[in-house]
Each structure stands twice: as structure tokens, then as C-alpha cells.
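Descriptive analysis of the structure
Now for the letters of each chain:
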Amino acid sequence: MSQIADEIKNQIKKRRTFAIISHPDAGKTTLTEKFLLYGGAINLAGSVKGKATARHAVSDWMEIEKERGISVTSSVLQFNYGGYCINILDTPGHQDFSEDTYRTLMAADSAVMVIDASKGVEAQTRKLFKVCTMRHIPIFTFINKMDREAMDTFELLDDIENELGIATCPVNWPIGSGKEFRGVYDRNTKMVELFSDTHKGTTQGEVMKIAIDDPKLKEWVTDTQLSQLKEEIELQDGAGAEFSQELVSKGELSPVFFGSALTNFGVETFLLHFLGMTTSPLPRTSDQGAVDPMEEKDFSAFVFKIQANMNKAHRDRIAFMRICSGEFEAGMDVYHIQGGKKVRLSQPQQMMASERKMIDKAYGGDIIGVFDPGIFSIGDTLTTSAKRFAYEGIPTFAPEHFARVRQVDTMKRKQFIKGINQIAQEGAIQIFQEFNTGMEEIIVGVVGVLQFDVLKYRLENEYNVDIRLDNLPYEYIRWIENTDIDLDKLTGTSDMKKVKDLKGRPLLLFVNDWSIRMTTERNEGLKLSEFGR
Ligand code: G4P
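All figures in this text were calculated on a predicted structure; none of them were measured in a lab.

**Here we look at the overall build of the protein chain**
Helix and strand counts for the protein chain come out as 13 helices and 33 strands. A buried classification covers 43% of the 533 residues belonging to the protein chain. Long-range pairs, those at least 24 residues apart, make up 70% of the contacts in the protein chain with a sequence separation of at least 6.

And the structure:
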């Protein structure tokens with residue numbers, strides 16, 4: 001094998017690709033915006049934020065997004081800072097989010113979890129966190145909004161540990177909160193970073209640091225606060241988990257930071273530590289073993305998201321792929337493993353803070369979107385390597401909402417089937433059928449209820465088909481992992497439904513958790529899974 005070029009190696013080593021996860025309103029957008037400020041990608045904080053302006057320019061492709069004022073799709077932001085090239089994968093935290101949000105996590109090497117200090121762990125964070133742990137990627141916690149009344153620090157840490165089942169290691173420790181917030185104490189350097197919000201985060205601002213035993217500290221921190229801090233630190237040092245880079249890398253220990261994104265406090269400290277504790281792109285599993293970007297000289301990537309009709313005038317589809325090794329050049333020919341032929345990757349683009357930009361080159365760790373003439377599926381591998389390996393597929397995530405779909409005008413059967421299949425291929429919805437019915441009776445499952453509206457809207461607008469959606473009471477789906485199962489003999493609860501997916505794999509739909517437990521108890525050896533692999 002010929003040597004991988006130093007230039008490519010250096011480019012990949014500089015890459016840090018991570019996703020930001022949070023419950024809506026915890027401050028993900030504000031934090032992202034401050035990161036970009038440090039990278040110089042934007043001049044003034046606020047340009048990402050404007051929910052009606054810049055942010056929409058990124059994903060302004062569907063009326064629903066505009067109507068609801070939320071971002072349905074996730075985007076990628078790239079910026080340079082401190083010698084690193086950073087890719088941030090944005091994951092919509094809205095409860096209407098789709099499976100895309102989960103899939104985006106498959107393309108990240110680590111995750112940053114933003115938590116509102118007054119609320120602790122919330123529902124959406126819990127869901128996204130599950131996928132992070134499944135992948136064993138490092139998870140960093142930023143506890144935000146310390147300038148507001150916060151929960152007790154120990155309580156917050158306990159909440160993360162109990163709710164999410166991951167050990168925590170606070171890198172710094174807050175002094176007060178809300179009106180009494182004075183800053184954070186760095187447990188390593190034993191310095192206090194003093195809080196000031198004079199700049200309101202529009203500039204990078206100076207941070208004042210002062211040693212914990214410096215008498216001058218009393219000018220900012222009261223005696224009561226100082227003795228409370230010392231007591232808490234002593235307690236934490238005695239009982240808390242010690243920092244271990246190895247456990248952080250395996251996703252078993254989350255370094256925790258406190259700050260206030262809005263006032264730009266603690267953000268740069270977080271960024272610097274984070275960059276030091278994460279790694280450049282690591283090897284990924286393929287059917288021919290792990291592919292290491294430091295050894296594999298050829299280009300390889302996998303598709304994790306397909307977005308249709310980014311541009312209404314052209315009815316185009318964009319396939320988003322995560323580059324895993326090598327160098328990408330615009331217009332290059334690559335081998336599409338699943339399609340079994342060569343394809344040219346044209347119109348490559350990257351999502352920047354407020355625009356889509358055409359690119360010439362990209363490297364392992366980067367995310368690019370390329371024009372898709374309708375041949376790619378989620379999980380597909382593209383490579384220039386003669387070895388023709390395929391990356392491990394992306395699991396299908398369990399939908400939580402189900403509806404029976406019927407076409408209003410039965411004359412348009414062909415369009416209906418074509419439309420619904422294409423939308424399913426893009427991964428926006430999942431299609432299920434009962435065992436004894438044809439395509440006229442379809443059950444659609446979605447991760448976020450908004451996808452039902454997306455389905456209806458797209459079938460009407462793109463395929464000229466009207467549909468009727470009748471909600472079904474199911475909330476849980478489980479793939480049956482046993483290959484030798486006799487479905488007729490399977491005994492479940494009366495409200496359970498047996499269905500199959502597009503690949504013919506058997507599944508069970510349940511109304512509640514209890515039915516799942518009953519069914520598992522009644523059928524010895526039955527193996528049910530939340531992910532379809
Ligand atoms: P999200 O992307 O996670 O949904 O959260 P986003 O950043 O949009 O923040 C949600 C709200 O919380 C915003 O206020 C934002 O200004 C505020 N916020 C974010 N970080 C902090 C912080 O550190 N301290 C305080 N006090 N507030 C913070 P909003 O009123 O909903 O929006 P806007 O009117 O300010 O734009």
C-alpha cells in the first residue's frame with residue numbers, strides 16, 4: 001500500500017467533528033453561535049441565532065419550517081480555531097424532530113450536551129443521549145445559564161449520573177448562580193475565572209483569573225461563598241470520580257463545565273478543554289475490519305442523511321455523507337458499493353453558518369452534501385479504494401408515532417406508491433404492513449409527529465396525491481431478533497400488532513411498556529430490539 005500523503009494526514013489530524021445535543025431552549029443555538037465567534041466565522045453573535053433569518057437560510061427548503069419557525073433538518077457548521085478544523089453537527093432538539101437527528105449522531109465523533117442549569121436533564125436530551133451511549137462516543141457536558149438561578153451543583157451532577165447512567169467529572173465548579181453568580185473555579189489550575197457580563201457576548205471579552213488563595217479574591221467573592229466553594233470542592237474531591245482520559249474516550253465519563261453561553265462566560269474555557277480531550281477522526285468499522293484514516297489513503301465515506309427538494313425549482317436530492325478517510329475532490333469518481341457502480345460526486349457543498357457553499361476539497365472527518373440523482377440510500381458506502389469495503393450500516397431507530405395511511409383518490413395508486421417509497425428511502429418515514437395486506441393498507445411510523453405533516457405535504461406537492469392519516473394508538477415498536485420465530489405461535493397482549501417492514505422483517509407494535517414486558521415473559525427466548533439493524 002502506498003503511503004498516505006502527509007498533507008492529508010495533517011488535515012485529518014486537525015479535524016474535530018461533534019454533535020451538539022440538548023432539549024429545546026437549553027441554549028444550544030447560543031452556544032454554537034459563541035463557538036463560531038471564537039472561530040471568527042461570524043463577526044457578531046446573533047447571526048446564527050435569528051430564528052427567522054440566518055438560521056433559516058441554511059435549511060430554508062420547506063414551507064413547514066417557515067410556518068412553524070423551527071429547523072426540521074440538521075445542518076453542519078465548519079470553522080477553524082486554535083489550529084483545529086471544527087465541524088459542528090446541529091441536531092434539532094424540538095420534540096418534532098425526526099430520525100435524521102439520531103442519524104446525525106452516527107456521523108459525529110463526540111457529542112456536547114447542553115443542559116439548562118435550572119432544569120437538569122430533560123426529555124429530548126435523554127433520547128439523544130441513548131444514541132450517544134450506543135456508539136460509545138465521548139460526551140461533554142456544558143451546564144448553561146449559570147447567570148440565572150440554578151439547581152444545586154451536586155443535584156445537577158446526580159441528575160446526570162442517575163438519569164443518564166454516566167459518571168461525571170466537573171472540570172470547573174460554579175460559585176453561586178443567578179444574581180450571586182461570581183464565576184467558576186478551575187479544579188486543575190486552582191484559579192477562579194471571574195464572571196463579567198459587560199460585553200453581553202458580542203465580543204470575545206477579557207476573562208479575569210485569580211488564584212483561589214489570593215486575598216484579592218474577596219473583592220468579588222463573599223466569605224460565605226468562598227467557604228461554601230471550599231467545602232463543596234473538598235466533598236467533590238473526596239467522593240467524585242477522578243478524571244480519566246481513557247474513560248472519557250470510551251464515553252463512560254463526561255467532563256462537566258459550567259458557564260453562561262448568553263454572556264459568553266466559560267465558553268472558550270470549555271472549547272479549549274474539549275479540543276484537548278477529543279481526538280481526530282478514529283477508525284470506523286467496515287465489513288473488512290476497521291478502516292483507520294491514518295492508514296487508509298483512499299477516499300471513503302458513508303451516507304447518513306438524504307434531503308429532498310432543497311431547491312424547489314430543481315426537485316433535487318442531496319445526500320449528506322461523512323468522510324471517513326482520504327481526500328475528497330469535487331467531481332471525483334468513486335465506487336458506490338451498494339449500487340455496484342462508479343458514480344461522479346458532483347456539486348459538493350458544505351453548510352456554513354448562513355449559506356450553502358460549494359467546495360473543492362474536503363478530508364476525513366468532514367461532512368459534505370452531494371447531488372443525488374436518486375441512487376443513494378442511508379448507510380451506503382462510497383470509496384475510491386480497490387478493497388471495496390462497506391461501512392457498518394446505520395440502524396433504523398424505533399418510531400414512536402404510528403398512523404394508517406390511505407390515499408383519497410385510488411386512481412393515483414402508482415404515484416402514491418412511488419412517493420411513499422421514495423420518502424421512506426430518504427429515511428423521513430418508515431413503512432410497515434400487516435402480513436395479509438398489500439400496499440393499499442400501509443402503516444407509517446415516525447420518530448417525530450411533524451414527519452406526518454411533512455409526508456402529507458410532500459405527497460400533495462411533489463406527487464399530487466392526497467392522503468388520509470388515521471392515528472394509531474401504538475407508541476412502541478420492537479424488531480424481533482430471533483430468525484427462527486414462528487409468528488403464529490407468538491402470544492402477546494390483545495392490543496399488540498404484528499407487522500413487517502419493507503425488508504420483510506417481523507416487528508411488533510405495542511401500546512405501552514407493560515405489553516412489551518408481558519409479551520417477553522409469555523414467549524421464552526424472544527429477543528426484541530429497539531433498533532433495526
Ligand atoms: P436552543 O437552541 O437550545 O433551543 O436554545 P437557544 O440558544 O435558542 O436559547 C433559548 C433561550 O435561552 C434564548 O432566549 C437564549 O437567549 C436564552 N439563553 C441561552 N443561553 C443563556 C444563558 O447562558 N443565560 C441566559 N440567561 N439565557 C440564555 P429567548 O428569549 O428564547 O430568545 P431570544 O429572544 O433571546 O432570542
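**Quick word on the sheet that holds strand β5 (residues 139-144)**
Ordered in space as β2-β3-β1-β4-β5-β11-β6, the 7 strands form an open sheet in which the pairing is mixed. The open sheet terminates on both sides in strands that have one partner only, identified here as β2 (76-81) and β6 (167-170). Direction aside, neighbouring strands of the sheet carry axes that sit 30 degrees apart on average. Sheet topology note: the strand β4 (residues 110-116)/β5 ladder contains 6 bridges and is parallel. Bridging across to β5, V114 finds its partner in F142. Contacts from helix α7 (residues 153-164) reach β5, β6 and β11 (253-258) within the one sheet, and its direction differs from that of β6 by about 150 degrees.

**Details of the sheet that holds strand β7 (residues 172-175)**
Taken in spatial order, the 4 strands make up an open sheet running β7-β8-β9-β10, and their pairing is antiparallel. Looking at which strands have only one partner, the edges of the open sheet turn out to be β7 and β10 (208-211). Strand-to-strand, the axes of this sheet are offset by a mean angle of 30 degrees, without reference to chain direction. Alignment of β7 against strand β8 (residues 183-186), held across 4 bridges, turns out to be antiparallel. The residue of β8 that forms the bridge with W173 is Y185. Relative to β7, helix α8 (residues 223-239) is tilted by about 150 degrees, and along the sheet it contacts β7 and β8.

**Details of the site of the ligand**
Near the ligand lie 17 residues; those nearest to it are G27, K28, T29, T30 and L262. Counting residues per element, the shell around the ligand draws most heavily on helix α2 (residues 28-39), at 3 residues. When its residues are assigned to classes, the shell around the ligand shows 4 nonpolar, 7 polar and 6 charged.

**What about the pairing of strand β26 (residues 430-434)?**
Taken together, the 3 bridges between β26 and strand β27 (residues 442-446) define a ladder with antiparallel strand orientation. By the bridge assignment for β27, I431 is matched with V444. Here β26 runs beside strand β30 (residues 497-501); their pairing, made up of 3 bridges, is antiparallel. Of the residues in β30, the one forming a bridge with Q433 is K500.

**Observations concerning helix α10 (residues 267-277)**
Along α10, the residues classified as buried are V267, E268, F270, L271 and F274. Viewed end-on, α10 has its buried residues packed into an arc of 155 degrees, placing them on one side of the element. Buried residues belonging to α10 abut α2, β2, β4, β5 and β11.

**Considerations on the pairing of strand β15 (residues 317-325)**
In terms of burial, β15 is largely enclosed, as 9 of its 9 residues are buried. Here strand β14 (residues 300-308) runs beside β15; their pairing, made up of 8 bridges, is antiparallel. Within β15, the residue paired with Q307 across the bridge is I318. Note that β15 and strand β22 (residues 367-371) share 5 bridges and pair antiparallel.

**Considerations on the nonpolar core**
Among the nonpolar cores identified, the biggest contains 118 residues, and A111 and M321 are the most heavily contacted of them. Looking at this core element by element, the count peaks at 6 residues for β15. Those residues in contact with M321 that sit more than four places away from it in its chain are A301, F302, V303, F304, I368, V370 and L382.

**Notes on the packing of helix α5 (residues 99-106) against helix α6 (residues 123-135)**
Where α5 meets α6, the closest approach of the two axes is 10 Å, and the angle between their N-to-C directions is 30 degrees. It follows that α5 is roughly parallel to α6 by the angle criterion. Crossing hand, α5 versus α6: right-handed. Counted together, T101, Y102 and L105 of α5 and L128, V131, C132 and R135 of α6 form the full contact between these two elements.

**Some thoughts on unusual backbone geometry**
Of note, N264 is a non-glycine position whose phi angle comes to about 60 degrees, a positive value. Following the sequence through the fold, N264 ends up in the loop between β11 and α10. Residue R388 is not a glycine yet carries a positive backbone phi of 50 degrees. By the element assignment, R388 lies in the loop between β23 (381-383) and β24 (396-397). The class for R388 is partly exposed, based on 14 C-beta atoms found within 10 Å.

**Quick word on the confidence of the model for the protein chain**
For residues with low pLDDT, the predicted coordinates do not support detailed interpretation. Residues at a pLDDT of 70 or more form 86% of the protein chain, whose mean pLDDT is 85. Model confidence for the complex: the whole-complex pTM is 0.84, and ipTM, which rates the interface, is 0.97.

**Focus: the environment of E327**
Relative to the helices and strands, E327 resides in strand β16 (residues 327-329). Along the sequence, E327 and A362 sit 35 residues apart, while their C-alpha atoms lie 5.9 Å from each other. Residues contacting E327, with those up to four places away along its chain left out, are I8, F299, K361 and Y363.

**Quick word on the packing of α2 against α10**
Between two packed helices, what matters for the description is the angle formed by their axes and the separation of those axes. Packing of α2 against α10 leaves a shortest axis separation of 10 Å and a crossing angle of 75 degrees. The angle between α2 and α10 falls in the class roughly perpendicular. Contacts from L31, K34, F35 and Y38 of α2 reach α10 at V267, E268 and L271.

**Some points on the environment of S260**
Here S260 is to be found in the loop between β11 and α10. Each C-alpha atom, one on S260 and one on L31, is 8.6 Å from the other, the two residues being 229 residues apart in sequence. Once residues within four sequence positions are removed from consideration, S260 is found in contact with N144, K145, M146, D147, F265 and G266.

**Describing α5**
Counting buried positions over the 8 residues of α5 gives 8, a clear majority of the element. Of the positions making up α5, those classed as buried are E99, D100, T101, Y102, R103, T104, L105 and M106. For α5, the secondary structure elements touched by its buried residues are β1 (15-22), β3 (84-90), β4, α6, β14 and β24.

Quick notes on the rules
Residues numbered from 1 in each chain as written. Predicted model: local features only at pLDDT ≥ 70, side-chain atom pairs only at ≥ 80, totals over all residues. Helix = DSSP H or I, 4+ residues; strand = E, 2+ residues; numbered from the N terminus. Buried ≥ 20, exposed ≤ 12 C-beta atoms within 10 Å, placed from the backbone. Contact = placed C-beta atoms within 7 Å. Pairing = 2+ DSSP bridges. Axes fitted to C-alpha atoms, helices over the stretch in contact; angles between N-to-C directions. Near = placed C-beta within 6 Å. Nonpolar A, V, L, I, M, F, W, Y, C, P; charged D, E, K, R; others polar. Arc of directions from axis to C-beta. Core = buried A, V, L, I, M, F, W, Y, C linked by C-beta atoms within 7 Å. Parallel < 35°, antiparallel > 145°, perpendicular 65-115°, else oblique. Left-handed = near helix turned anticlockwise from the far one by under 90°. pLDDT = per-residue confidence, 0-100.

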